[in-house]
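Examination of the molecular architecture
Each chain, written out:
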Protein chains: 2
Amino acid sequence: MSKNLTKREVDYSKWYNELVVKADLAENSAVRGCMVIKPYGYAIWEKMQAELDRMFKETGHENAYFPLFVPKSLFEAEEKNAEGFAKECAVVTHYRLQNDPDNPGKLRVDPSAKLEEELVVRPTSEAIIWSTFKGWIQSYRDLPLLINQWANVVRWEMRTRLFLRTAEFLWQEGHTAHTTKKEALSEAMLMQKVYAEFAETFMAMPVIKGSKSESERFAGADETYTIEALMQDGKALQAGTSHFLGQNFAKAFDVKYTSKEGKQEYVWATSWGVSTRLIGGLIMTHSDDFGLVLPPRLAPIQVVIVPIYKGDDQLAEISSKVDGFVKEFRQQGVSVKFDDRDTYRPGAKFAEYELKGVPVRIAIGKRDLENNTVEVARRDTLVKQTVSQDDVVDFVANLLVEIQDNMFDKAVSFRKEHTTEVNTFEEFKEVIKTKGGFVSAHWDGTSETEDRIKDLTKATIRCIPINNKIEEGACVFTGKKSIQRVLFAKAY
Amino acid sequence: MSKNLTKREVDYSKWYNELVVKADLAENSAVRGCMVIKPYGYAIWEKMQAELDRMFKETGHENAYFPLFVPKSLFEAEEKNAEGFAKECAVVTHYRLQNDPDNPGKLRVDPSAKLEEELVVRPTSEAIIWSTFKGWIQSYRDLPLLINQWANVVRWEMRTRLFLRTAEFLWQEGHTAHTTKKEALSEAMLMQKVYAEFAETFMAMPVIKGSKSESERFAGADETYTIEALMQDGKALQAGTSHFLGQNFAKAFDVKYTSKEGKQEYVWATSWGVSTRLIGGLIMTHSDDFGLVLPPRLAPIQVVIVPIYKGDDQLAEISSKVDGFVKEFRQQGVSVKFDDRDTYRPGAKFAEYELKGVPVRIAIGKRDLENNTVEVARRDTLVKQTVSQDDVVDFVANLLVEIQDNMFDKAVSFRKEHTTEVNTFEEFKEVIKTKGGFVSAHWDGTSETEDRIKDLTKATIRCIPINNKIEEGACVFTGKKSIQRVLFAKAY
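Definitions and cut-offs
- Residues numbered from 1 in each chain as written.
- Chains lettered and ligands numbered in written order.
- Predicted model: local features only at pLDDT ≥ 70, side-chain atom pairs only at ≥ 80, totals over all residues.
- Heavy atoms only, no water.
- UniProt positions renumbered as here; feature names shortened; annotations may be inferred.
- Patch = residues over 30% accessible without salt bridge, like charges linked within 9 Å, V, L, I, M, F, W, Y side chains within 5 Å.
- Areas by Shrake-Rupley, 256 points an atom, 1.4 Å probe, with all protein chains shown as cover.
- Salt bridge = Lys/Arg side-chain N within 4 Å of Asp/Glu carboxyl O.
- Lys, Arg positive; Asp, Glu negative; His and termini not counted.
- Charge placed at Lys NZ, Arg CZ, Asp CG, Glu CD.
- Helix = DSSP H or I, 4+ residues; strand = E, 2+ residues; numbered from the N terminus.
- Axes fitted to C-alpha atoms, helices over the stretch in contact; angles between N-to-C directions.
- Parallel < 35°, antiparallel > 145°, perpendicular 65-115°, else oblique.
- Left-handed = near helix turned anticlockwise from the far one by under 90°.
- Contact = heavy atoms within 4.5 Å.
- Nonpolar A, V, L, I, M, F, W, Y, C, P; charged D, E, K, R; others polar.
- Pairing = 2+ DSSP bridges.
- Buried area = accessible area lost by both parts, 1.4 Å probe.
- Polar contact = N/O pair within 3.5 Å; in protein donor to acceptor, adjacent residues only side chain to side chain.
- Core = buried A, V, L, I, M, F, W, Y, C linked by side-chain atoms within 4.5 Å.
- Buried < 20%, exposed > 50% of the residue type's maximum accessible area, 1.4 Å probe, protein only.
- Domains from an automatic or database assignment.
- Least-squares fit on C-alpha atoms with pLDDT ≥ 70 in both.
- 1 Å grid on protein atoms, 1.4 Å probe; cavity = no way out; pocket = protein on both sides within 12 Å on 5 of 7 lines; lining within 4 Å.
- Points joined across faces, edges and corners; volume = space filled by probe spheres on them.
- Expected span 1.5 Å × (residues − 1).
- Phe/Tyr/Trp six-rings, centres within 6.5 Å; stacked < 30°, edge-to-face > 60°.
- Lys NZ or Arg CZ within 6 Å of the ring centre and 35° of its normal.

The name recorded for chain A in an unreviewed UniProt entry is Proline--tRNA ligase, from Lutibacter flavus. In its Subcellular location (unreviewed entry) section, the UniProt record describing chain A reads: "Cytoplasm". Regarding chain A, the relevant UniProt record gives this comment under Sequence similarities (unreviewed entry): "Belongs to the class-II aminoacyl-tRNA synthetase family. ProS type 3 subfamily."

Our next topic: a negative patch on the surface. On the surface, a cluster of negative charge is contributed by D312, D313, E317, D340 and D342 of chain A. Note on placement: D342 of chain A falls in the loop between β18 (336-338) and α10 (346-355).

As a further point, take the packing of helix α13 (residues 425-435) of chain B against helix α14 (residues 447-457) of chain B. All names here are of chain B. Direction vectors running N to C along α13 and α14 enclose 50°, while the axes themselves pass 11 Å from each other. In this view, α13 runs oblique relative to α14, as classed from their interaxial angle. Between α13 and α14 lies a crossing whose hand is right-handed. Side by side, α13 and α14 meet where F425, F428, K429 and I432 of the first sit next to I453, L456 and T457 of the second. Here the residues of the contact of α13 with α14 sort into five nonpolar, one polar and one charged.

Looking now at the sheet that holds strand β27 (residues 485-489) of chain A. All names here are of chain A. Spatial strand order, β3-β9-β10-β16-β13-β12-β11-β24-β27-β23-β22: eleven strands in an open sheet with mixed pairing. Looking at which strands have only one partner, the edges of the open sheet turn out to be β3 (62-63) and β22 (419-421). Bridging between strand β10 (residues 168-178) and strand β16 (residues 268-275) involves eight bridges; their strand directions are antiparallel. Note that in β16 the partner of W171 across the bridge is S275. Helix-sheet contacts for helix α12 (residues 392-417) involve β11 (208-211), β12 (223-230), β22 and β23 (438-442), and the interaxial angle to β22 is about 30°.

A few words now on the interface of chain B and chain A. On the side of chain A, 64 residues touch chain B, which itself brings 64 residues to the contact. Carbon and sulfur atoms supply 68% of the area that chain B and chain A bury against each other, a total of about 5,100 Å² over both sides. Together, Y65, L97 and L107 of chain B form the three largest contributors to the area buried by chain B at its contact with chain A, with a combined 13%. Summed over the shared surface of chain B and chain A, the result is four salt bridges. For the interface between chain B and chain A, the tally reads 30 residue pairs in polar contact (both at pLDDT 80 or more).

Take the sheet that holds strand β16 (residues 268-275) of chain B next. Residue and element names in this part refer to chain B. Pairing is mixed across the open sheet formed by eleven strands, whose spatial order is β3-β9-β10-β16-β13-β12-β11-β24-β27-β23-β22. Pairing within the sheet leaves two strands with one partner each, and these edge strands are β3 (62-63) and β22 (419-421). Packed onto the sheet, helix α2 (residues 39-58) meets β3, β9 (145-154), β10 (168-178) and β16 and runs at close to 160° relative to β9. Across the sheet, helix α6 (residues 181-201) lies against β9, β10, β11 (208-211), β12 (223-230), β13 (236-246) and β16, angled at about 10° from β16, the strand it touches most.

Ranked by size, the top nonpolar core spans 102 residues in total, and within it F69 of chain A together with F69 of chain B carry the most contacts. Non-local contacts of F69 of chain A, meaning those with residues more than four positions away in its chain, are made with V92, L119, V120, V121 and I128 of chain A together with V31, C34, A90, V121, V154 and W156 of chain B.

This brings us to the pattern of salt bridges. One pass over the structure, following the stated rule, counts 57 salt bridges over all chains. The residue D289 of chain B makes a salt bridge to R8 of chain B at a minimum N-O spacing of 2.9 Å. In this pair, D289 of chain B is assigned in the loop between α8 (277-286) and β17 (303-307) and R8 of chain B in the segment before α1 (12-22), connecting sequence segments 281 residues apart. With a closest N to O distance of 2.9 Å, R378 of chain B and E402 of chain B form a salt bridge. With R378 of chain B in strand β20 (residues 373-378) and E402 of chain B in helix α12 (residues 392-417), this residue pair connects regions lying 24 residues apart in the sequence. Residue R378 of chain B is classed as buried on the basis of its relative accessible area of 10%. Linked through salt bridges whose partners overlap, the residues forming this network are D24, E27, K38 and K356 of chain A.

A few words on α8 of chain B. Across the ten residues of α8 of chain B, ten count as buried, placing the element largely inside the fold. Along α8 of chain B, the residues classified as buried are R277, L278, I279, G280, G281, L282, I283, M284, T285 and H286 of chain B.

Attention now moves to the side chain of T124 of chain A. Residues and elements named next belong to chain A. Examined against the element boundaries, T124 turns out to sit in the loop between β8 (114-121) and α5 (126-136). Of the polar contacts made by the side chain of T124, one reaches the side chain of E126; its length is 2.6 Å. If near-sequence neighbours (up to four positions away) are discounted, T124 is found in contact with N81, F85, V153, R155, W171, E173 and F218.

All names here are of chain A. Examined against the element boundaries, R277 turns out to sit in helix α8 (residues 277-286). With 111 residues separating them along the chain, R277 and T166 place their C-alpha atoms 8.8 Å apart. Contacts of R277, omitting those with residues within four sequence positions, involve F163, L164, R165, L237, Q238 and Y492. In terms of polar contacts, R277 uses its side chain to reach the backbone carbonyl oxygen of L164, at 3.0 Å.

Glancing now at the domain arrangement of chain A. All names here are of chain A. For chain A, the assigned domains read domain 1 (12-89 + 123-286), domain 2 (303-400) and domain 3 (419-489). Using C-alpha coordinates to define each centre, domain 1 is positioned 27 Å away from domain 3. Around 1,300 Å² of area is buried between domain 1 and domain 3 when both sides are counted, 59% of it from carbon and sulfur atoms. The interface formed by domain 1 and domain 3 holds two salt bridges in total. The closest approach of N and O atoms between R462 and E216, which form a salt bridge, is 3.8 Å. Summed over the shared surface of domain 1 and domain 3, the number is seven residue pairs in polar contact (both at pLDDT 80 or more). Of all elements in the fold, only β11, β12 and β13 (236-246) reach the threshold of two or more residues within the side of domain 1 that touches domain 3. Residue classes in the side of domain 1 that touches domain 3 are distributed as four nonpolar, eight polar and four charged.

Another point: the packing of helix α2 (residues 39-58) of chain A against α8 of chain A. Residue and element names in this part refer to chain A. One way to put it is that α2 packs onto α8 with a least axis distance of 10 Å and a crossing angle of 105°. In terms of orientation, α2 lies roughly perpendicular with respect to α8. On α8, the residues that touch G41, I44, W45 and M48 of α2 are L278, I279 and L282. By residue class, the composition of the contact of α2 with α8 is six nonpolar, one polar and no charged.

Each of the two chain copies can be brought onto the other by rotation about an axis and movement along it. Least-squares fitting of chain B to chain A yields an RMSD of 0.0 Å, with the transformation described by 0.0 Å of translation along the axis and a rotation of 180°. What we have between these two chains is a two-fold relation. Minimal C-alpha distance to the rotation axis in chain B is attained by V92 of chain B, lying at 2.1 Å. Comparing interface residues between copies, 100% of those in chain B also lie at the interface in chain A; the contact surface is shared.

Turning our eyes to something else, we now look at empty space enclosed by the protein. One pass over the structure, following the stated rule, counts two cavities of 30 Å³ or more. One number sums up the size of the largest cavity: a volume of about 40 Å³. Each residue belonging to the lining of the largest cavity can be placed in one class, and the counts come to five nonpolar, one polar and one charged. Each pocket or cavity is described by its volume, and for the second largest cavity that value is around 40 Å³. Y65 of chain A together with M35, I37, E168, F169 and L170 of chain B together form the lining of the second largest cavity. Where the lining of the second largest cavity is concerned, the elements lending two or more residues are β2 (35-37) and β10 of chain B.

As annotated in UniProt, the feature "domain: Aminoacyl-transfer RNA synthetases class-II family profile" (unreviewed entry) corresponds to residues 27-295 of chain A in the numbering used here. Structurally, residues 27-295 of chain A is divided into 29% helix and 32% strand, and its ends, taken at the C-alpha atoms, are 22 Å apart.

Along its 21 residues, α6 of chain B runs 30 Å from first to last C-alpha, staying within 8% of the 30 Å computed at 1.5 Å per residue. Burial in α6 of chain B covers these residues: A184, E187, A188, M191, Q192, V194, Y195, A196, F198 and A199 of chain B.

With that settled, consider the packing of aromatic side chains. All names here are of chain A. Evaluated as defined, the whole model comprises 38 aromatic pairs over all chains. When the ring of F428 is compared with that of F488, the centres are 5.0 Å apart and the planes differ by 80°; the resulting orientation is edge-to-face. Residue F428 is located in helix α13 (residues 425-434), and its partner F488 is located in strand β27; the two are separated by 60 residues in the primary sequence. Each of the two residues, F428 as well as F488, counts as buried. Ring-pair connections join several aromatic residues into one group, and the members of that group are W45, F56, W150, Y195 and W272. Over the aromatic face of W15 sits the side chain of R8, whose NZ or CZ is 5.9 Å from the ring centroid.

Rendered as structure tokens:
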């Protein structure tokens with residue numbers, strides 16, 4: 001298999017698919033629309049999980065685990081939520097296979113083992129969790145209830161793409177219950193903030209925080225807060241959402257609490273989630289024609305050391321130097337790999353780590369031994385430089401911080417260049433068609449206008465940014481009065 | 001709800017069920033046979049996961065993720081494995097629900113959305129993983145392949161019990177591929193050793209390492225290695241298994257590699273797993289009539305501090321002392337909770353932490369302030385003592401080690417007292433009936449004898465212990481020649 005990727009400007013979508021497979025992140029499986037996450041891809045997910053999990057716990061949440069299956073009668077209890085997910089859910093109808101009498105050696109569903117009630121494989125867990133919360137909440141003393149779950153979910157999407165849209169994906173879903181509307185709103189906004197902080201600090205992916213228009217809201221939510229990122233091809237990616245669910249699920253599952261004053265009240269709810277889709281966002285924010293570019297804070301291997309040698313004596317000499325560096329790196333908490341495999345040449349190793357996005361590569365050869373130097377190459381800019389062996393560990397530790405910052409800054413600049421204010425629908429269409437990116441435009445606030453614009457341009461309202469400046473204007477499409485600009489884009 | 005548990009000697013099974021629910025570990029859900037793992041129970045699982053995951057990585061394994069679903073045609077490829085799991089598997093047949101025309105507001109399966117091929121919800125992942133490994137293995141350079149997955153699995157068991165046997169459970173499953181039989185056997189035995197080390201060092205649960213008789217083997221395995229623990233009621237618990245799969249899956253999925261000599265060879269395989277069942281084992285090894293008893297190394301809270309006070313001034317004085325302890329404990333890596341809730345009395349708090357098995361409880365009141373002391377109570381022995389505030393942090397840190405050791409020693413003694421060598425079938429039946437525990441007896445090596453003994457006594461062969469001393473004798477049932485004793489017990 002050629003290691004060369006299709007160039008991004010030739011076919012961005014093809015570049016993405018090739019990169020995911022060739023960098024050993026994931027691949028399609030024997031199950032339609034479901035992916036296999038390979039060890040290297042999973043290691044990135046583990047790093048994401050560790051940071052997010054820490055952030056959730058620091059904000060008072062606890063993990064728990066709820067069933068994979070949702071009985072149909074619970075699934076349909078919250079009508080809008082059910083309607084939103086019914087069209088794409090996997091349904092278990094039987095609990096046994098038997099030998100197929102017509103096909104020796106084959107199995108078939110045992111018709112006598114039909115479930116009385118079908119089970120939906122969770123596309124999201126509000127229904128099963130709220131049917132459980134009913135037993136956990138009696139009094140105001142039980143609130144707030146702040147729960148998170150790491151789990152797999154299934155949505156039977158027709159058009160799938162590795163990480164971005166798969167029939168099964170991994171995610172976390174937070175589910176919380178509160179005494180007041182105000183507290184639930186604060187929680188939903190707090191988790192949006194946590195997601196934004198994670199995206200920017202760890203993924204080096206700048207995001208816009210905003211709220212969704214009614215037609216883009218989560219099914220069953222009164223308000224959806226989102227973080228929206230901009231990919232290199234000018235399309236937006238919804239990277240995480242946090243929902244204010246009002247009392248919709250509390251009413252559907254009859255979850256009430258006794259207040260301090262002794263009154264029975266419905267609780268207020270939120271839910272929020274991010275998924276393995278983030279890995280798609282990570283790729284499309286930073287990577288280049290040579291492969292993946294990983295931000296140091298999420299890279300499974302931050303530094304790789306490649307020896308360039310002839311014969312065992314040279315390798316031994318290099319190794320004894322490198323052992324010292326490795327030890328020092330580990331003391332500093334830097335994850336480092338010394339690749340002394342003799343089955344591959346240095347050039348092949350360089351290409352492999354470029355493809356896999358390792359932030360820093362150190363090469364050390366005969367001349368370096370003589371000169372007390374090493375060659376340090378950074379993945380983000382592809383710049384190489386010669387560094388003294390005496391300083392290399394500190395130099396690289398600082399470089400990792402610089403790379404993380406540089407990647408974020410570069411992405412911020414890209415987004416800035418690809419965010420355009422427009423005031424006419426001609427401009428709007430032109431920008432969406434040629435330049436892409438976020439288009440900031442006035443909108444009259446109606447779903448009808450939003451739908452018309454989508455039909456004509458494929459662009460949707462990504463969000464109404466928070467802290468939007470109030471600016472009177474005229475809707476770019478209808479000319480009706482508008483009080484603020486919103487962000488449109490084509491989206492993944 | 002009364003916090004008092006049924007006494008173990010009155011009804012062990014009832015005691016177990018009550019304990020699991022009252023200690024906030026898990027509860028039954030709206031889905032038949034599926035449990036909800038509550039935050040406190042899940043926190044124990046997270047601690048188990050962290051240690052096991054570290055041990056897997058230290059032995060060279062990497063995590064990955066494979067699909068939840070197994071297409072029927074892959075599921076049936078390895079015949080024995082398929083036969084073993086077909087009778088208890090959940091099957092997805094449809095991918096959409098629609099409004100039920102006969103029942104407004106209700107949903108039904110959309111008959112037009114029937115899958116061409118049914119999908120089995122994984123009861124174990126050999127089939128889907130080996131269909132994937134085929135693409136990953138070409139040459140000896142790709143081997144060994146050492147993969148682990150943390151996942152949920154579904155086995156449609158008819159009689160379920162929280163943690164011990166549930167329709168859905170959480171587990172890890174290792175799947176490895178090797179060039180030689182010898183290497184695969186070593187891997188299977190290595191992982192048995194890792195499991196035993198985990199059980200004894202972290203769970204303080206002594207286990208017997210052994211191999212399974214043919215009829216107790218994993219479906220599709222040539223050899224199953226097991227760790228077997230003894231519960232307080234004299235029944236055994238299979239706590240983890242590691243399978244040598246021979247070339248069965250390699251042949252079923254046509255997974256070959258090119259050897260150094262350029263020949264095409266089938267690879268050799270292992271798989272191994274432990275699950276949330278371990279939490280059941282943890283409970284039934286150590287807990288008592290007052291509730292859970294947790295070994296310090298797996299306790300989410302190792303030390304709880306309860307203030308005994310009248311009025312805010314006393315609480316403030318106690319708090320300022322406690323803040324110092326808390327800081328010191330955290331510096332030592334001890335997880336500590338200061339429970340200063342004013343909504344519960346000290347007595348209620350004592351009972352709660354006893355029920356939840358917190359290893360050490362520190363109480364501090366007015367007289368302690370005067371005397372510069374605290375009261376330290378250990379959960380395992382229920383012994384209390386007065387300790388100077390100057391020494392308390394070191395004292396408790398040492399005590400945690402002592403508790404861990406004491407719990408293990410106690411369990412070893414119990415097992416010793418409940419392991420009986422018998423030489424006649426009368427003795428065998430008598431011991432199984434009255435005393436329970438492991439019965440060490442000669443066996444003629446046939447499945448027929450094993451089955452007859454099971455029918456008559458409900459005892460099964462738990463394992464043929466490794467390092468069994470070779471001792472000629474006569475089968476306890478048939479009198480035929482036997483070369484070694486094996487361990488029988490009734491089992492969970």
